[in-house]
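Secondary and tertiary structure notes
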Amino acid sequence: MASPGDVAGEGWPLYEVFVRANRGLSHVHVGSLHAPDDDMALRNARDLYTRRNEGVSVWVVRSSAITTSDPDQKGAFFESPAGKNYRHAKYYEKSAEVPHL
Amino acid sequence: MTLTAPDASARPDDQRELTEAEEASAQAAFDAIIEADQRIEPRDWMPEAYRKTLIRQISQHAHSEIIGMQPEGNWISRAPSLKRKAILMAKVQDEAGHGLYLYSAAQTLGISRDEMTEQLIESRARYSSIFNYPTPTWADMGAIGWLVDGAAICNQVPLCRASYGPYGRAMVRICKEESFHQRQGFEILLELSQGTPEQHQMAQDAVNRWYWPSLMMFGPPDDESPNSAQSMAWKIKRFSNDELRQRFVGMLVPQAEVLGLTLPDPNLRWNDETKQWDMSEIDWTEFNEVLAGRGPANAQRIQHRRDAHESGAWVREAAAAYAEKQAARERQAA
């Protein structure tokens, strides 16, 4: 499948941007941008996504380097957790009235 | 099966032809997502008309942000103080950012960035006609912030809930940043209004010129807006043009009082029976002229954008050549 960054006629590759808003939090995807290389992607990401102190750390990664699940297969792909509600605490009702459990 | 690229690979040509039965079930799944007020994401199946409508709307919106940098960019070197200059630069930089968020959102629908840039500089794409009016005085910076950004916010807040995920997410970021734009404009007008009689008059003149164009930003009246019903059914649009225009005027009236400025419509008054603002007829012939490209600054705006794109070509090429050279060095060292 074609990756968006390498579409014919598109000058610069596409990057995905992840920002850590504060210490103690994960990096979260905030958007994407085009840049000629990794260094410029990082600088552009700073200018585009952290103009108001939105982050203390930024990651950029070429969009084409990301592997995703197939949207057409999502039923089958995520089938295994379905019907296994015993993985959740609320499945166990007999302990509902028991304190600290 | 492994797939690369998270969002933008959702190009129609990547999708295999569906059988009639498959398409009917895809359509049913799409309708169910819209009905449940959930979001459509880039790689979901979507009707071609939905995709096209969104590409048109989001790219026009992006172009508007990019062209919208010009009327104000013009005043950066003429701002009356260092503080105002810094504020204006921050605002124009935000507009560049908003354009980029929106171009990214449009790309997830299968159009390339370069294609959109070409459509703009070859005058094949539209942008908000409001940016084709000239900005002859400093008070125009105030009126643009208060009225034009105000109208934009009114339009954009409901778009944060648009049914297409990437568009809604871009709008959330944009709306957060726009509120500073409107407040700084209001402050410019307030200071001028409370200044010398000449400054007060300058503020009033700017409001007189921008008031009607800002009301036209909401688009034609509901009974002449053919695409609105479909966009509302798809939950891209949440309120009609006239509803939003009414809401906007209702917000302006008390704000104009604080400013000590008059809204240039002698027929503007609250109607207790209809619970609506009565106002004069909007002169749509002017709007249509500007939309058709015969506005005061259409040609100039596009020419400026084309020049910037062409004279920046060497920078883009140099950056790409440098990236290629660095990559080659790394390959050699490895």
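Our subject in this report is the structure included herewith. (Residues numbered from 1 in each chain as written. Chains lettered and ligands numbered in written order. Predicted model: local features only at pLDDT ≥ 70, side-chain atom pairs only at ≥ 80, totals over all residues. Heavy atoms only, no water.)

1. Describing the packing of helix α6 (residues 139-156) of chain B against helix α10 (residues 241-259) of chain B
Residues and elements named next belong to chain B. Across the interface, α6 lies against α10 with an axial gap of 10 Å and an inter-helix angle of 145°. Relative to α10, the crossing made by α6 is right-handed. Of the residues in α10, those touching α6 at Trp146, Leu147, Gly150, Ala151, Cys154 and Asn155 are Leu244, Arg247, Phe248, Met251, Leu252, Gln255, Ala256 and Leu259. Each residue belonging to the contact of α6 with α10 can be placed in one class, and the counts come to 10 nonpolar, three polar and one charged. (Axes fitted to C-alpha atoms, helices over the stretch in contact; angles between N-to-C directions. Helix = DSSP H or I, 4+ residues; strand = E, 2+ residues; numbered from the N terminus. Left-handed = near helix turned anticlockwise from the far one by under 90°. Contact = heavy atoms within 4.5 Å. Nonpolar A, V, L, I, M, F, W, Y, C, P; charged D, E, K, R; others polar.)

2. Focus on a nonpolar patch on the surface
Taken together, the side chains of Tyr86, Tyr91 and Tyr92 of chain A present a nonpolar region at the surface, about 340 Å² in accessible area. Position of Tyr92 of chain A among the secondary structure elements: in the segment after α2 (74-77). (Patch = residues over 30% accessible without salt bridge, like charges linked within 9 Å, V, L, I, M, F, W, Y side chains within 5 Å. Areas by Shrake-Rupley, 256 points an atom, 1.4 Å probe, with all protein chains shown as cover. Salt bridge = Lys/Arg side-chain N within 4 Å of Asp/Glu carboxyl O.)

3. Things to note about the environment of Val61 of chain A
Residue and element names in this part refer to chain A. Within the secondary structure, Val61 is located in strand β3 (residues 57-62). Between the alpha carbons of Val61 and Glu16 there is a distance of 5.4 Å; along the sequence they are 45 residues apart. Val61 has contacts with Leu14, Tyr15, Glu16, Phe18 and Ile66, leaving out every residue within four places of it along the chain.

4. Quick look at helix α2 (residues 48-67) of chain B
Its 20 residues give α2 of chain B an end-to-end C-alpha distance of 28 Å, which sits within 8% of 28 Å, the value for a rise of 1.5 Å per residue. Judged by how many residues are buried, α2 of chain B sits mostly within the fold: 14 of 20 residues are covered. (Expected span 1.5 Å × (residues − 1). Buried < 20%, exposed > 50% of the residue type's maximum accessible area, 1.4 Å probe, protein only.)

5. Quick word on the pairing of strand β1 (residues 14-20) of chain A
Residues and elements named next belong to chain A. Taken across its seven residues, β1 has six buried, putting it largely inside the fold. Here seven bridges tie β1 to strand β2 (residues 27-34), and the two strands are oriented antiparallel to one another. Note on β2: the bridge partner recorded for Glu16 is Ser32. In this sheet, β3 lies alongside β1 in antiparallel orientation, the contact comprising six bridges. Paired with Glu16 across the bridge in β3 is Val61. (Pairing = 2+ DSSP bridges.)

6. Concerning α10 of chain B
Residue and element names in this part refer to chain B. Along its 19 residues, α10 runs 26 Å from first to last C-alpha, staying within 8% of the 27 Å computed at 1.5 Å per residue. A maximum bend of about 25° is found in α10 at Val253, where proline Pro254 lies one to four positions downstream. The complete set of buried residues in α10 reads Asn241, Leu244, Arg245, Gln246, Phe248, Val249, Leu252, Val253, Ala256 and Leu259. As for α10, its buried residues are in contact with α6, α7 (165-193), α8 (197-216), α9 (228-233), β3 (276-278) and α11 (284-294). A positive backbone phi angle near 75° is found at Gly260, which sits one or two residues after α10. (Bend = angle between axes of the 7 residues up to and from the residue.)

7. A few points about the pattern of salt bridges
Tallied over the full model, the rule gives 19 salt bridges over all chains. With its nearest N and O atoms 3.1 Å apart, the salt bridge here joins Asp47 of chain A to Arg46 of chain A. Linking Arg84 of chain B and Glu187 of chain B is a salt bridge whose minimum nitrogen-to-oxygen distance equals 3.0 Å. Of this pair, Arg84 of chain B sits in helix α4 (residues 82-107) while Glu187 of chain B is found in helix α7, placing the two residues 103 residues apart along the sequence.

8. Regarding unusual backbone geometry
Residues and elements named next belong to chain A. One non-glycine residue, Asn53, lies in the positive phi region at around 55°. Overall, Asn53 belongs to the exposed group, its relative accessible area being 75%. Of note in this structure, His100 is not a glycine but carries a positive phi near 55°. If you trace the backbone, His100 turns up in the segment after α2. We classify His100 as exposed; its relative accessible area is 85%.

9. Some points on the packing of aromatic side chains
All names here are of chain B. Applying the stated criterion to the full structure yields 15 aromatic pairs over all chains. Aromatic side chains Tyr50 and Trp234 sit 5.4 Å apart centroid to centroid with 80° between the ring planes, which places their arrangement in the edge-to-face category. Taken together, the residues span a long stretch of sequence, with Tyr50 in helix α2 and Trp234 in the loop between α9 and α10 at a distance of 184 residues. Taking the relative accessible area as the measure of exposure, Tyr50 reaches 0% and is therefore buried. An aromatic cluster is present here, built from Phe30, Trp45, Tyr50 and Trp234 joined pairwise through their rings. (Phe/Tyr/Trp six-rings, centres within 6.5 Å; stacked < 30°, edge-to-face > 60°.)

10. Things to note about the side chain of Gln246 of chain B
Relative to the helices and strands, Gln246 of chain B resides in helix α10. Contact partners of Gln246 of chain B, with chain neighbours within four places excluded, come to Gln276, Trp277 and Met279 of chain B.

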